[in-house]
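Summary of structural features
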Amino acid sequence: MPTDSDAVIDTTVARHADRLKTLARQLHANPELGMVEHQAVAWQAELLGQLGFRVTVPFGGLDTAYLAVRGEGAPVVCFLAEYDALPGIGHGCGHNLIAPAAIAAGAGLADALQSAGLPGTVQVMGTPGEEGKGGKVLLAKTGAFDAVDLALMAHPRDRATSDRGRLAIMRYDVTFHGQSAHAAVYPELGRNALDGVMLLYAGINAWRQHLPEPCRVHGIVTDGGEAPNVVPDRAGARFYLRAPDEATLAAMAERFARIAEGAALMTATRAELATGGDLPYAAGRVSAVLNEAYLAVADALAMAPQRTGKPGRGSSDFGDVSLRVPGAHYYFGIVPPPASEEPNARGEHGSDSGDAKGRGMHRPAPLPSHSPQFAQAAGTDYALDNMLLAARALARVGARFVTDATFREQVREEWRADRA
């Protein structure tokens, strides 16, 4: 049975649906890379001001971060907005939907608290540069989350799910320095930097067999030389290292550096490692209590959430937030589920279940994020409608945290125990 706060939340989101969808479409049509999302922030600040929030821009020392606040007193519930795009494919991660969902959730919860005359502060925090630049990491270092009691956000994917966690990540640019020479006339005078890159790749490929699940290493060649008849004196590659915890990631980083050093020794070149300004992200914490709360709300809103599936393999600067404050990074679907994935009585989907796998049933391929197909889906009416459903779900979880002291203490105690 919906509560009074649920009704207020739903009414608020429905009342502002057109403006929220317009914002999502504007962000989608005008993608901006991390830390330069100036137009995106201007649009969001304008809408938040119209919704009664006190908006501070810039915030936390970042030009394209903001903080919007309504209400007073404790507890403080913060909804996190992302809005940066990917190079080349725009909103192939769907961040154009995250920001409007956070704004809608904030407005819904703030209206619900005001209607009930309850204390509590609602924040919507704009966090730039999630794709590598670590806006949340930088904001956390300035104390942006010190007064926050709960941090929530919702991210698009092919299905609605609870927070499945994420991998810690480090990113490296590797540059090999050699000696150029004519590749046909004086090859003996050259030292081939591209050979260093190729041997680095060979070393990584040999290493992969011995990496524990779910560790990941993947990369690209960024510089392979200028012409075939010139021995490259400079070549480069970019690699991401991911691990389920920071200790494992540190060990991987040490091994990676040794592989690069070995490639340089074999080619008589010099290997230089740098982060390219990208920050490492922590794996962070996952709250079972908050996950169950979201799944219950998602069921009530007919979002058909998945309860099965492997843990998260991506990375996000939300991991660093979860080390500082209880929170959850939920997901909502932006494409219709296949007919073969109708939920059963337990809310599970047949193609993901062990029984289905045992019978050899075909599991439909997921919609890959960071792809042109995902970018296209993030601009559809279906995605925008589900964005508003996700906003209602976020606000309802936030309302329960504010109004249910037992639930609030369960969330806090779980987080304290996990951190210990």
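First, a word on scope: everything that follows refers to the structure included in this document. (Residues numbered from 1 in each chain as written. Predicted model: local features only at pLDDT ≥ 70, side-chain atom pairs only at ≥ 80, totals over all residues. Heavy atoms only, no water.)

**What about the sheet that holds strand β9 (residues 270-274)?**
The condition that has to hold: A pair of strands counts as paired when DSSP detects no fewer than two bridges linking them. Here a helix means four or more residues in a row that DSSP labels H or I, a strand means two or more in a row labelled E, and each is numbered from the N terminus. Each axis is a line fitted through C-alpha atoms, taken for helices only over the stretch in contact, and angles between the N-to-C directions span 0 to 180 degrees. When checking whether two residues touch, look at their non-hydrogen atoms; a contact exists if any pair is within 4.5 Å.
The strand order across the open sheet formed by 4 strands is β7-β8-β6-β9, and the pairing between neighbours is antiparallel. Whereas interior strands pair on both sides, the edge strands pair on one side only; in this sheet they are β7 (216-223) and β9. When strand polarity is set aside, the average angle formed by the axes of neighbouring strands in this sheet is 20°. Judged from the 10 bridges that link them, strand β6 (residues 168-177) and strand β8 (residues 234-243) form a sheet pairing that is antiparallel. Residue pairing for β8: Val174 is matched across the bridge by Ala237. On top of the sheet, helix α6 (residues 193-208) reaches β6, β7 and β8; it is set at about 20° to β8, its chief contact. Seen against the sheet, helix α7 (residues 246-267) touches β6, β7, β8 and β9 and runs at an angle of roughly 10° to β6.

**Quick word on helix α4 (residues 95-116)**
Counted only if it meets this: To estimate the expected span of a helix, count its residues, drop one, and scale the result by 1.5 Å. Throughout this description, buried means an accessible area under 20% of the type-specific maximum (1.4 Å probe, protein chains only), exposed means over 50%, and partly exposed covers the range between.
Between its first and last C-alpha, α4 extends 32 Å over 22 residues, near the 32 Å set by a 1.5 Å rise per residue. Summarising burial for α4: 19 of the 22 residues are buried, a large majority. One or two residues past the end of α4 sits Gly117, with phi positive at roughly 70°.

**Describing the side chain of Thr269**
Tracing the backbone through its elements, the reader meets Thr269 in the loop between α7 and β9. Exposure remark for Thr269: the relative accessible area of 11% places this residue in the buried category. Ignoring sequence-local partners within four residues, the contact set of Thr269 consists of Phe176, His177, Gly178, Arg191, Asn192, Ala193, Ala263 and Ala264.

**Some points on the nonpolar core**
Nonpolar side chains in soluble globular proteins tend to end up buried together. Using the following cut-off: By convention a nonpolar core is built from buried Ala, Val, Leu, Ile, Met, Phe, Trp, Tyr and Cys residues, the set being connected through side-chain atoms within 4.5 Å.
With 69 residues, the main nonpolar core has Phe53, Phe79, Leu97, Ile103, Met303, Phe332 and Ile334 as its most contacted residues. No other element matches the 14 residues that helix α12 (residues 381-403) contributes to this core. Of all hydrophobic cores here, the second largest spans 26 residues; its members include Ala193, Leu249, Met252 and Ile259.

**Some thoughts on the pairing of strand β3 (residues 76-81)**
Rules: When the strands point away from the viewer and the path from the first strand over the helix to the second turns clockwise, the crossover is right-handed.
Counting buried residues along β3, 6 of its 6 residues qualify, which places the element largely inside the surrounding structure. Judged by which residues are buried, β3 turns out to be covered on both faces: Val76, Cys78 and Leu80 on one side and Val77, Phe79 and Ala81 on the other are all buried. Here β3 pairs with strand β4 (residues 120-126) via 6 bridges, running parallel. Bridge assignment links Leu80 to a residue of β4, and that residue is Met125. Taken together, β3, α4 and β4 form a β-α-β motif whose crossover is right-handed. Here β3 pairs with strand β5 (residues 150-157) via 3 bridges, running parallel. Its bridge partner lying in β5, Cys78 is registered against Ala151.

**What about the packing of aromatic side chains?**
How two aromatic rings sit relative to each other is set out by the distance from centre to centre and by the angle between their planes. The following threshold applies: Stacked, tilted and edge-to-face are the three classes assigned to paired rings of Phe, Tyr and Trp, where Trp is represented by its six-membered ring and a pair needs centres within 6.5 Å; plane angles under 30 degrees give stacked, over 60 edge-to-face, the rest tilted. Two conditions define a charge sitting above a ring: the NZ of Lys or the CZ of Arg must be within 6 Å of the ring centre, and it must be within 35 degrees of the ring normal.
Counted by the stated rule, this structure contains 5 aromatic pairs. Measuring from centroid to centroid gives 6.1 Å for Tyr66 and Tyr83, while their planes differ by 15°, and the two rings are stacked. Highlighted residues: Tyr66 in strand β2 (residues 66-72) and Tyr83 in the loop between β3 and α4, separated in sequence by 17 residues. Among the residues examined, Tyr66 registers a relative accessible area of 0% and is labelled buried. By the ring-pair criterion, three or more aromatic residues cluster together here, those being Tyr172, Tyr201, Phe239 and Phe256. Lying over the aromatic face of Tyr240, Arg171 brings its terminal NZ or CZ to 5.3 Å of the ring centre. Here the basic side chain of Arg171 rests over the ring of Tyr281, its NZ or CZ set 4.5 Å away from the ring centre.

**Comments concerning the environment of Gly129**
Relative to the helices and strands, Gly129 is located in the loop between β4 and α5 (135-141). Note on Gly129: relative accessible area 0%, which makes it buried. Each C-alpha atom, one on Gly129 and one on Met35, is 5.1 Å from the other, the two residues being 94 residues apart in sequence. Setting aside residues up to four positions removed in sequence, Gly129 forms contacts with Gly34, Met35, Glu37, Asp84, Gly134, Gly135, Tyr281 and Asp317.

**Points about the pattern of salt bridges**
If the charged atoms of two oppositely charged side chains come close together, the side chains can form a pair. The criterion, for reference: For salt bridges, the criterion is a side-chain nitrogen of Lys or Arg within 4 Å of an Asp or Glu carboxyl oxygen.
All told, the structure shown has 23 salt bridges when counted by the stated rule. Asp158 is the partner of Arg157 in a salt bridge, and the nearest nitrogen-oxygen pair spans 3.0 Å. The shortest N-O distance in the salt bridge between Glu213 and Arg313 comes to 3.1 Å. One end of the pair, Glu213, is in the loop between α6 and β7; the other, Arg313, is in the loop between α8 (288-300) and α9 (318-322), and 100 residues separate them in sequence. The network of salt bridges with common partners includes Asp6, Asp10, Arg392 and Arg396.

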